[in-house]
Structures are given as C-alpha cells and as structure tokens.
Number of protein chains: 2
Amino acid sequence: MKIDVVISAKYIEEENLRGKAAVIIDTLRATSTISTALNNGAKEVIPVLTIEEAVAIRENIGTGLLGGERKGLKIDGFNLSNSPQDYKRETVDGKIIIFTTTNGTRAIRGAKHAEDIIIASVINGKSVSEELIKLNKDIVIINAGTYDQFSIDDFLTAGYIIDMISEKKDLELTDIAKTAQFMYKSSKDFSFAENAAHYKRMIEIEQFEDLKYCFSKDIINIVPRYKDGIIKLWN
Amino acid sequence: MKIDVVISAKYIEEENLRGKAAVIIDTLRATSTISTALNNGAKEVIPVLTIEEAVAIRENIGTGLLGGERKGLKIDGFNLSNSPQDYKRETVDGKIIIFTTTNGTRAIRGAKHAEDIIIASVINGKSVSEELIKLNKDIVIINAGTYDQFSIDDFLTAGYIIDMISEKKDLELTDIAKTAQFMYKSSKDFSFAENAAHYKRMIEIEQFEDLKYCFSKDIINIVPRYKDGIIKLWN
C-alpha cells in the first residue's frame, strides 16, 4: 500500500490517480464543513467551481441551499458561508447543499480520475483512515492548499491520517508523505498549524470557534465520498 | 526579505523568479559536486541537460572534462562521475567541467530568469546564507528533487539555509519555507535525510563516503553562481 501527497490542487496529475483512492483535505474549512453538513443530515453536497454554476444548479433542480466562500467570507446572496457552524441540523437536515469554495471544491473536482474520492479532515480523520485500510489500495492525498500554495494546516492533516494508517499497515511512503507524517508527529496536536498563512487569515476574520472545531480530532464518524458529481454517504 | 521554496525542478515558475535570488539545491550530489570542483580550482562548470549537448560543447571548445551521471552512475565515455570525490585538485585545477545530471542541471537552467542564481549545498551552506543576507533581496530556494519528486535531502538543506538566515534577518516565510525550517530543526544534523529515497539509492550504489561528505556542514567557503550559461566564482 503506497501513499503519496500532492501539496496543492494545482499540482494534481490526473493520470497518477487512476486505480487509486484520492483523499481530499481542505482543513480550513471546506472538507471540515462538508463532513459537518452530511453528519447533520444534509442529503448531499454538490461541489461547484463558480458562483454562477452554483446559482444555475439551484435554479435547475429547484431546491437546495447555496453555501461557500470567497476570501473566507460568505458570498452575496448565498444561504450559508464556509463555516461549519452554519451547517447545523436544523438548517441542513434533508437538504441539498450546492457548495463553492476557493480551494477545496477545485481539489475535489480535480480528483475525478481516482477510483475512490474521499473527503477528509481532522474531525473525521480516524474514520477516513479506517476506511482506507479497508479499501487496501494505493492512496494519493490531495491537499487543497491555499490559493495554489502549500498550506501547513492541510499538510499536518495529511500527516495525521498517514500516521494512523501506519499503525495498522505496512506502508510505502514517498518522501513527501514521510515528511507529512514526521511534521505531524513533531508538532503535537497541530500546534504548528498556527504558523499557516491560512490560519492567520482565519484569525483576521475572527473565526476562532472554527479554528478550534476544525482541529478537533475524530468528533465525526462518517466518510463522505464524491461520485457522479455529488458528495454523500454512499453506503 | 521573503523566502519561498520550490519542491522540485518541475514546479519552477519562471515568472516568479524575476528580480529575485534563486538558490539551487541538489544535495545528492550535483550542487555539492559543483562547489567541490570550483573549490579545488576548476575554472568553470558548464551545466547542460543532455549527454549529446555535453559532448558537442567539448568538441566545440576543444577542451574540458565531461562529468555527471545517469541513474547515479558515471556516463559511458565521460571523464568524471557525479561524485565529489572525482573532483580533486589534481584532476580539476584550471579545467573547464562540462556537467550533466538528472535533476540538478535542470534546476539550474530552469532558474534563468532570476536576478542571481546561487549554487547551494550543505557543504557551503553557511557561505551561501551570508551571501544572501548581503544581497538582501527576496529568495526562491529551488530544490532539484529526484526525478521530478520532492526529495527529503534537498528540503532539509533548504531548511538549514533558511534557519541560518533567520538568525540574522527578519524573514517573511511562505508556509512551505516555514515547514522546511521546522523539519531541519526537528531533525538534528540531517538524520531524517536517511529516510529519503535518494539517500537509499546512494546506499544501493555504495556511495557511503559521498553521503557523509554531502552532509558535512560548511567545509567549503565559496559561493558559486550561474550566469551567462556557466557556473564559477564571479567575484
């Protein structure tokens, strides 16, 4: 079982994903928020690249909540921001969410050639690692990154998931995957994430609750998957 | 003073280098070997991409030693391998070296749009960091990587140089540059480099001496630069 890590959505090489499981990580906050929405009863999440595409899809299907962000902030005319706090059960239960974010949705859609596409974050990391052990195939972890750049928060989350899998399986790790695991182990409880530019942006826009929430290990026990254009719990 | 790190020659974005100092690192072994050759009196090193180009240049200038590697091994018909041990004073003093390696020479030539192009390794790391402090401009550290992939050995060397500069200057580091510094500081004396696939390849081809040499800090006090197609000590 091999694991590689791609450090930003920009560097995805579609052909390298064939036959493999892709694990999409956008810790702050897209993949944390998607997992929260589905855990709170949302029917499905449709990830889209542009605001126009989101609006067109809602018109087309005649229902659904519009969610997402630009520069970390709620989009004008949308129902929900990219904060997991917006996706409470009373808001999302039974609903379709049409979702667009700067980095995360691009990473999800860029992974379309993988055999399995799994949505991962710190909050559901343990369930994801257990699912990957069951799948027992080669893995490419795709960090969404921040505006095409490597992002410390996503890299530490990759290291966390690799570290959990390595406790149960013999792994063949690329240099970058070994580095992610080493970084996670050297940075207790994600403390090094405070150095991420993305983390600092979250402080600027006063998302203190979200930071605490998005680095809480294993508070959600679901494994969302992207298939046929939508993310949901397929099992 | 900003510092960014590019994790492989493949990911160089030429436009991002304009007006900046590019620092090329191929610890195992191109940049270590180039520094050794120049420190032992070589007149200049001409980095080229292909074996054919190397042979053509020697024919054209009518002199020079051919050096380099493919798969870590000496090229048929060449005078010298990619091992720094081949570049002793009695061999290289006063000579032109025409040099081609799999990863390093590509990184050097890919940096051509930078204002300064500096050849760095562990063995001349301190001199390079002092020169960069004097230059006082934004820096992009380019890790050659190994066959287009991130390579732990180059990344630790980047962290080593960043760490030395940070002791003297206030720096604005990207997330990846912060990660390189953190990795270096967490891995005392490059011990984590033993996990690099490239390091293991060096063990396979029994280059034990080279491994020890290439991770010896500051045994060389020169700063080679690439300009107008050649690497030499320009000052």
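For the structure given in this document, a descriptive report is provided here. Just so we're clear, the structure is a prediction, and the values are computed from it rather than from any experiment.

### Some thoughts on the overall build of chain A
If you tally the helices and strands in chain A, you get 9 helices and 10 strands. Expressed along its principal axes, the backbone C-alpha trace of chain A runs to roughly 50 × 35 × 30 Å. For chain A, the residues scored as buried account for 55% of the 235 residues in total. Long-range contacts, defined as pairs at least 24 residues apart, comprise 81% of the intrachain contacts of chain A with a sequence gap of at least 6.

### Here's the deal with helix α5 (residues 125-135) of chain A
All names here are of chain A. Listed in full, the buried residues belonging to α5 are Gly-125, Val-128, Ser-129 and Leu-132. One side of α5 holds all its buried residues, which, seen down the axis, span an arc of 95°. Here the buried face of α5 lies against β2 (21-25), β6 (116-120), β7 (139-143) and α6 (152-166). One or two steps after α5, the chain reaches Asn-136, where phi turns positive at roughly 55°.

### Here's the deal with the interface of chain B and chain A
On the chain A side, the residues contacting the 19 residues of chain B number 19 residues. Taken together, the elements giving at least two residues each to the side of chain B that touches chain A come down to α6 (152-166) and α7 (175-186) of chain B. It is α7 of chain B that contributes the most residues to the side of chain B that touches chain A, 7 residues altogether. By residue class, the composition of the side of chain B that touches chain A is 11 nonpolar, 6 polar and 2 charged.

### Concerning the relation of the copies chain B and chain A
Put simply, the two copies of the chain differ by a rotation about an axis and a shift along that axis. Placing chain B over chain A gives an RMSD of 0.0 Å and needs a rotation angle of 180°, together with 0.0 Å of translation along the axis. Taken together, the turn and the small shift mark the pair as related by a two-fold rotation axis. A share of 100% of the interface residues of chain B reappears at the interface of chain A, consistent with the copies meeting face to face through the same patch.

Here is what the cut-offs are and how they apply
- Residues numbered from 1 in each chain as written.
- Chains lettered and ligands numbered in written order.
- Predicted model: local features only at pLDDT ≥ 70, side-chain atom pairs only at ≥ 80, totals over all residues.
- Helix = DSSP H or I, 4+ residues; strand = E, 2+ residues; numbered from the N terminus.
- Buried ≥ 20, exposed ≤ 12 C-beta atoms within 10 Å, placed from the backbone.
- Contact = placed C-beta atoms within 7 Å.
- Arc of directions from axis to C-beta.
- Nonpolar A, V, L, I, M, F, W, Y, C, P; charged D, E, K, R; others polar.
- Least-squares fit on C-alpha atoms with pLDDT ≥ 70 in both.

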